[in-house]
Amino acid sequence: MKRFTEWVLAHKRLVVIGWLVLFVVGIGTMGPATDRMDQKFSVPGREAQETNDKILKTFGSGGDSTPQVAVVQLSKPAAQEKPALAALEKKVADTLPGARVAGYASTGSSAFVSDDQKTTFVIAHPTPDPDASFGDNAAAAKKLTAALKNEKIDGGQVRVTGFDALSEDAGSDTSGGTGLLVEALLGGIGALVVLVFVFGSALALLPLLVAVFSIVSTFVLLFIATRFSHISPIVQFLVVLVGLGVAIDYALLMTIRWREERTHGRSNEEALVIAGERAGRAILFSGITVAVGLFAMVALPLPFLRSVGLGGMLIPVMSVLVSTTLLPVFLSKFGPAMDKHRIRNDDKASKNWTAWAKFVVKFRWAAALIAIIFLGLLVGRATNLELGISSLDTIAKSGPATVALKQLESSGIGGGPLLPHEIVVNGSSATSAAEAASQVSGVRGAVAPEAWSKDGISVANAFTSDSPSSNSAESTVDGIRNVLPAEADLGGGIAGTADFVDAVYGNFPLVLLIISVITFILLARAFRSIVLPIKAIILNIISIGAAWGVLEIVWQSGHGSSLIWGIAATGSIASWIPLMVFAFLFGLSMDYEVFILSRMREVYDATGDTTQAVVEGVGRTGRLVTSAALILFLTFVSFATAPETDPKIMATGLAAGIMIDATIIRALLVPAVVSLFGKWNWWMPHRVAKVLRVQPSEG
């Protein structure tokens, strides 16, 4: 890295011109790159996905998308209002051309009415919206809600509900564009406040500048990637929000080390070369680790997650490049002037963090025990995680769709119609399959409308008695599959979720192994140690487990979601969230490990004293790590401003994971454990050192 930094400083004009060109091109490609992103979600090779694809191909509706449900409460039994209910079905069908529509009037099925016969619903599977993501169809929900706004039957107001209508009640912005800008702005403001505190000078602006260049330039690579691969729209959120945190972290590390060397009396160029060599090396290994954590999702058998892994790895790579090239040039040209009126001196390590490190080393056994107990309690709660679909009651607090859902639930029908099991029968009627499904525990009723037959394929809907977000909903998948005839297959959202969990978490050990092996090799080279990388990986996994535990406590059990957001316990966590939290946190948390242990290794090489390495390492990096973590924390908190519940849950996991990692893990457990291991921390046998091409170390 020393030679690289020297080359950068010798070619300042070339570096600046190159980044300015890339920045301008990035601004021009942001829109096209976003437009080319593929919003399709699929689980290839699984029964539910193949069944959903067959339904969509044959009928042009249903499959992955969720239905619209028109609900009405009557004062008399539904049988006495059949003409009016038939007119309602016709109006729904006319409003949503091409939709599969069914209700009590057309089928006579008790699956569409409550036990007291006074609450009924019409289900409509609309044609998909090509511009929406993951089967969402807000356009259909808005259109149907408007058409039925003044519709009444027997004095009862007809209301539309469903996942889309509930999201509209919550005020969701399905486009994501405005929300993304607001979240990025909030994160940036929070970061600036922290940076002003850290630097106490105009240097606070440089990390934000690095973040802007990193994020905008990454869209150039995303635009290229969209021409060769499917990239999920989620990647744009990842690039902006994670990029904001990562790029600032790296700029912090480089700038603080530069200022430290300048304070020690070195010239501006000398300080930059040393910062580029030592901080740049930590940035390089950290960036690769973050990229590996995200890229490892390519090993999962889902195009959606593979695209997130492929696209997500680009932002840490670009952040490393900007921080080690453009930032040194800026510091060379403007750094001294921007830092002229600083209010903080970096000549010595932080007194507070040095005192803290000495305290932890002195009481290392107690410190390690306290941290392990705390983390153990959270990891224990993580074992109770239920993966599935978040509770319907958490989507919106009020509105017409929420009222309609409450009517279904209070009548005994429940939320099952909002996400029915879709059964496809090849070559014969689906009636017998519907009858078989209706006998399965957890299924309230099933129906096979005559109109839902085409080209030798028939479709039936089975409605669960509980909400599709309940723990028992997915357990009905195996039950239905076991009773269906050989010519029948099961699709729908619940079965799709079950297949997703099996496909992803069944392959999760492989992903974890790949990440661990690659990370071990990288960190073994970075730390010139066998023990430190193993310890870092184990602590990282524990940290993520603790973050999962927070999700279970705050959201699944509701100890926090109601207090903070006024949202009831979700009962389960959306199946994709723990995986995304893992992918993000594994790399992001390792940033701090690299920052701290790299400084400890540097001190140990100079002194041969583990205690001094721990004390000075924490003293020099404590404020940096805490500030970097706070910036990421504020970035993820800004993500929680989204109206939907799932982003709030994900933001909670990420924010909690970052803070747990920076405090309990890095500020308490890491120094305690390093102190306990003594000279064994630095052990790198000759044979392994030769393979890794680093110097051996006997500790």
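Structure first, text after, so check above.
Now for a quick tour of the structure. This is a predicted model, so every value here is computed, not measured. (Residues numbered from 1 in each chain as written. Predicted model: local features only at pLDDT ≥ 70, side-chain atom pairs only at ≥ 80, totals over all residues. Heavy atoms only, no water.)

**A few points about the overall build of the protein**
Within the protein, the regular secondary structure consists of 27 helices and 15 strands. A compact globule built from 699 residues would reach a C-alpha radius of gyration of about 27 Å, and the protein, at 28 Å, matches this within 12%. When the backbone C-alpha atoms are referred to their principal axes, the protein occupies close to 90 × 50 × 45 Å. With 699 residues in all, the protein has 58% of them scored as buried. Here the analysis covers contacts within the protein between residues at least 6 apart in sequence; of these, 79% occur between residues at least 24 apart. In the structure as shown, the protein presents an accessible area of about 26,800 Å², 61% of it carried by carbon and sulfur atoms. (Helix = DSSP H or I, 4+ residues; strand = E, 2+ residues; numbered from the N terminus. Rg over C-alpha atoms; globule rule 2.2 N^0.38 Å. Buried < 20%, exposed > 50% of the residue type's maximum accessible area, 1.4 Å probe, protein only. Contact = heavy atoms within 4.5 Å. Areas by Shrake-Rupley, 256 points an atom, 1.4 Å probe, with all protein chains shown as cover.)

**Re the pairing of strand β11 (residues 457-464)**
Consecutive residues of a regular strand have side chains that alternate between opposite faces of the sheet. With 8 of 8 residues buried, β11 is to be regarded as a mostly interior element. The alternating pattern of β11 places Ile-457, Val-459, Asn-461 and Phe-463 on one face and Ser-458, Ala-460, Ala-462 and Thr-464 on the opposite face, and all of these are buried. Relative to β11, strand β8 (residues 421-426) runs antiparallel, the two being bridged by 6 bridges. Bridge assignment links Val-425 to a residue of β11, and that residue is Ser-458. Here 4 bridges tie strand β9 (residues 443-447) to β11, and the two strands are oriented antiparallel to one another. Bridging from a neighbouring strand, Gly-445 pairs with Phe-463 of β11. For strand β10 (residues 453-454) and β11, the ladder comprises 2 bridges, and the chain directions are antiparallel. (Pairing = 2+ DSSP bridges.)

**Overview of a nonpolar patch on the surface**
Residues Met-1, Phe-4, Leu-284 and Ile-288 make up a contiguous nonpolar surface patch of about 280 Å² in total accessible area. If you trace the backbone, Leu-284 turns up in helix α11 (residues 268-295). (Patch = residues over 30% accessible without salt bridge, like charges linked within 9 Å, V, L, I, M, F, W, Y side chains within 5 Å. Salt bridge = Lys/Arg side-chain N within 4 Å of Asp/Glu carboxyl O.)

**Here we look at the sheet that holds strand β3 (residues 119-125)**
Taken together, the 4 strands give an open sheet; going across it, the order is β2-β3-β1-β6, and neighbouring strands pair in antiparallel fashion. Edge strands, defined here as strands with exactly one partner in the open sheet, are β2 (100-103) and β6 (159-161). Each strand axis lies, on average, 25 degrees off the axis of its neighbour in the sheet, ignoring direction. Note: strand β1 (residues 68-73) against β3, 6 bridges, orientation antiparallel. By the bridge assignment for β3, Val-71 is matched with Phe-121. Packed on one face of the sheet, helix α17 (residues 400-411) meets β1, β3 and β6 and runs near 85 degrees to β6. (Axes fitted to C-alpha atoms, helices over the stretch in contact; angles between N-to-C directions.)

**Comments concerning the packing of helix α16 (residues 364-382) against helix α22 (residues 531-556)**
Relative orientation of the contacting elements α16 and α22 amounts to 60 degrees, with a least axis distance of 7 Å. Compared by their axis directions, α16 and α22 come out oblique. Relative to α22, α16 is oriented so that their crossing is left-handed. Where α16 approaches α22, its residues Leu-375, Leu-378, Val-379, Arg-381 and Ala-382 are matched on the opposing element by Ile-542, Gly-545, Ala-546, Trp-548, Gly-549, Val-550, Glu-552 and Ile-553. Its residues assigned to classes, the contact of α16 with α22 shows 9 nonpolar, 2 polar and 2 charged. (Parallel < 35°, antiparallel > 145°, perpendicular 65-115°, else oblique. Left-handed = near helix turned anticlockwise from the far one by under 90°. Nonpolar A, V, L, I, M, F, W, Y, C, P; charged D, E, K, R; others polar.)

**Topic: the pattern of salt bridges**
If you walk through the whole model with that rule in mind, you get 21 salt bridges. Residues Glu-151 and Lys-91 are paired through a salt bridge, measuring 3.0 Å at the closest nitrogen-oxygen approach. Pair noted here: Glu-151 is in the loop between α6 (138-147) and β4 (152-153) and Lys-91 is in helix α4 (residues 82-95), with a separation of 60 residues, a long-range link. The class for Glu-151 is buried, based on a relative accessible area of 19%. Note that Glu-593 is salt-bridged to Arg-666, the shortest N-O span being 1.7 Å. Here the residue Glu-593 occupies a position in helix α24 (residues 577-607), and Arg-666 occupies one in helix α26 (residues 645-677), the gap between them amounting to 73 residues. The burial state of Glu-593 is the same as that of Arg-666; both residues are buried. The network of salt bridges with shared partners includes Arg-257, Glu-261, Arg-266, Arg-278 and Glu-602.

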